[in-house]
Amino acid sequence: MNQNNLLAILRENRFMQTQQQVTDFENTLAEIADNPDEQNLSAYHLVLDNQCQHPEVMFSLIHFLESFETEEQITSFIKVVPQLMIDASEWTRIIHDRILNDDLSCQVYQKLLHSANLNTPHFLYHLLEESIVNKLKIK
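Residues numbered from 1 in each chain as written. Predicted model: local features only at pLDDT ≥ 70, side-chain atom pairs only at ≥ 80, totals over all residues. Heavy atoms only, no water.

Caption draft 1: Geometry of the layout of surface pockets. Taken as a whole, the largest pocket spans an internal volume of roughly 170 Å³. In terms of lining, the largest pocket is formed by Ile62, Leu65, Glu66, Phe68, Thr70, Gln73, Ile74, Ile95, Arg98, Ile99, Asp102 and Ser105. Of all the elements in the fold, those that place two or more residues in the lining of the largest pocket are helix H4 (55–66), helix H5 (70–87) and helix H6 (89–100). When its residues are assigned to classes, the lining of the largest pocket shows six nonpolar, three polar and three charged. (1 Å grid on protein atoms, 1.4 Å probe; cavity = no way out; pocket = protein on both sides within 12 Å on 5 of 7 lines; lining within 4 Å. Points joined across faces, edges and corners; volume = space filled by probe spheres on them. Helix = DSSP H or I, 4+ residues; strand = E, 2+ residues; numbered from the N terminus. Nonpolar A, V, L, I, M, F, W, Y, C, P; charged D, E, K, R; others polar.)

See the structure below:
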């Protein structure tokens, strides 16, 4: 099955309100993970949703996102943060915190957020960058 169809299945089942939706989500994510496409990394992030009934299953998507090269994953995350905050603010916070808890990822994140703020300023980018600076001061 092609990536667009697989992404559509993930989106359709992201709320996981039934056991069938959970199963379909897990199976589809496993199929995507067998042949990941970095071109769809931003779209994979946008599957996250606060309305998910089984967050432990949604965490498998977080782990999948983290399987990509650090800079690619963080670049895609930054690109979609403004949109992701609408339906997945909790998942956005989780990803943000997980990045901050890894020194190498945190350095990459700071560099990429700074660049994003210079190229396409957004108040969310500014807030995220400030949180990195505050975390680094605490260390």
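From this point on, the discussion continues.
Caption draft 2: View of the packing of H4 against H6. Close contact between H4 and H6 brings their axes to 12 Å; oriented N to C, the two are set at 45°. Taken as axis vectors, H4 and H6 run oblique relative to one another. Note that H4 runs across H6; the crossing there is right-handed. Facing H4, whose interface residues are Pro55, Met58, Phe59, Ile62, His63, Leu65 and Glu66, H6 presents Trp91, Ile94, Ile95 and Arg98. When the residues that make up the contact of H4 with H6 are grouped by side-chain class, the tally is eight nonpolar, one polar and two charged. (Axes fitted to C-alpha atoms, helices over the stretch in contact; angles between N-to-C directions. Parallel < 35°, antiparallel > 145°, perpendicular 65-115°, else oblique. Left-handed = near helix turned anticlockwise from the far one by under 90°. Contact = heavy atoms within 4.5 Å.)

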